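Reading the structure
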Amino acid sequence: MPSPSAVEFEDQRSYLMAVAYRMLGSRAEAEDAVQEAWLRYAQQTQEIRDARGWLTTVTARICLDQLNSARVRRTSYPGEWLPAFVIEPDSDPAGQAELADQVSIALLVVLERLTPEQRVAFVLHDAFGVPFDEVAAVLDSTPTAARQHASRARRAVADGGVRHTAGLAEQRRVLTAFLAAAQGGDMRTLAAVLAPDVVAIGDGGGVVRTALRPVLGADKVARFFAGLLTHRLADLTDIKVDPVLVNGSAAMMLRATHRDGDSLFVVVTVAVHEGRITGVFNQQNPEKLIFARDMP
């Protein structure tokens, strides 16, 4: 039989994973943070009356330390960094329930632009309703300072440019139109589905070739994908394209084989606002393509 402390922890595990994942943008790092929180929890000899509050504070502190170290690691990352894509099947587009975009790739990309303190304050308070005095304890600051961090984060998220408000049905429609227009070189249709300030970001992790910098603006993004799909698809065989969900948002998974024998595996998801794409996120790093069925 597990000890009472283990039972209490398991009751909070999914919640703690949600907190850690929003802070870190990496499921593997979030799992490590939650595991470290468990080790600290299990070693406590004093009574913990509020297990959820105690574990939230400890997990957030661990995440804050990881965020500070991650900023150093990601400056040396080859090319652009995107969060890992959690992939689920999208086999019933008509009947599937609308999913909240709290952990969409679009939001995680914007959160990457925040300071560690801003990100922790925003996630704890705005996403999970943690009071500012408890946020301050995590940040080792005052409630006023914690409130300022959250406020600045809120403004940065609002002004981040990668707006993502569309429901799944609209996301699917716009993504399908975008890929069809890009493959056919239809610049007029591409222009109609891209927001003027759209950004395209690809992550190859130094393993797979992709754009090393963000592509900004509707004209450049349209030309980039039109050129990519019309020319690169000609060199591919055994092409298979499947609709999937990535972090709850509409996406397409493309698998194919190059004529030289190399395989291609890429997942594309988009952020959509008012019928237009504000962000295109292209994940090709094999270490960041995670199938939900393989998760613990």
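Residues numbered from 1 in each chain as written. Predicted model: local features only at pLDDT ≥ 70, side-chain atom pairs only at ≥ 80, totals over all residues. Heavy atoms only, no water.

- Naming follows an unreviewed UniProt entry, where the protein appears as RNA polymerase sigma factor SigJ of Actinoplanes sandaracinus.

1. Brief notes about the packing of aromatic side chains
- Taken as a whole and judged by the stated rule, the model has eight aromatic pairs.
- Aromatic side chains Phe9 and Tyr41 sit 6.3 Å apart centroid to centroid with 35° between the ring planes, which places their arrangement in the tilted category. Linking Phe9 in helix H1 (residues 4–24) with Tyr41 in helix H2 (residues 27–42), this pair joins segments that are 32 residues apart in sequence.
- Taking the relative accessible area as the measure of exposure, Tyr41 reaches 5% and is therefore buried.
- Measuring from centroid to centroid gives 6.3 Å for Trp38 and Tyr41, while their planes differ by 50°, and the two rings are tilted. One end of the pair is Trp38 and the other is Tyr41, both in helix H2 and three residues apart, which spans about a single turn. By the burial criterion, Trp38 is buried, and Tyr41 matches it.
- A cation over an aromatic ring shows up here: Arg27 above the ring of Tyr21, its NZ or CZ 4.6 Å from the ring centre.
- Of note, Arg52 hangs over the ring of Tyr15, and the distance from its end group to the ring centre comes to 3.6 Å. (Phe/Tyr/Trp six-rings, centres within 6.5 Å; stacked < 30°, edge-to-face > 60°. Helix = DSSP H or I, 4+ residues; strand = E, 2+ residues; numbered from the N terminus. Buried < 20%, exposed > 50% of the residue type's maximum accessible area, 1.4 Å probe, protein only. Lys NZ or Arg CZ within 6 Å of the ring centre and 35° of its normal.)

2. Let's talk about the pairing of strand S2 (residues 194–203)
- Where burial is concerned, most of S2 is hidden: eight out of the 10 residues are buried.
- Across six bridges, S2 lies against strand S7 (residues 276–283) in parallel orientation. By the bridge assignment for S7, Ala200 is matched with Val280.
- The pairing of S2 with strand S3 (residues 215–216) spans two bridges and is classified as antiparallel. When the bridges of S3 are listed, Ala200 appears paired with Val215. (Pairing = 2+ DSSP bridges.)

3. Examining the environment of Pro83
- Among the secondary structure elements, Pro83 is positioned in the loop between helix H3 (51–75) and strand S1 (85–89).
- In sequence terms Pro83 and Asp203 are 120 residues apart; their C-alpha atoms lie 8.9 Å from each other.
- Setting aside anything within four residues of it in sequence, one finds Pro83 in contact with Gly25, Ile105, Leu108, Val109, Gln283 and Lys288. (Contact = heavy atoms within 4.5 Å.)

4. Some words on helix H6 (residues 132–139)
- Turning to H6, its buried residues are Phe132, Val135, Ala136, Val138 and Leu139. What you see down the axis of H6 is that its buried residues fit within an arc of 155°, all on one side.
- Positive phi shows up at Asp140, right after H6, with a value of about 55°. (Arc of directions from axis to C-beta.)

5. Quick notes on the packing of H6 against helix H7 (residues 143–158)
- H7 packs onto H6 with a crossing angle of 95° between their chain directions and a minimal axis gap of 8 Å. Taken together, the axes of H6 and H7 lie roughly perpendicular to each other. Each of Phe132, Asp133, Val135, Ala136 and Leu139 in H6 lies in contact with H7, whose residues at this interface are Pro143, Ala146, Arg147, His149, Ala150 and Arg154. (Axes fitted to C-alpha atoms, helices over the stretch in contact; angles between N-to-C directions. Parallel < 35°, antiparallel > 145°, perpendicular 65-115°, else oblique.)

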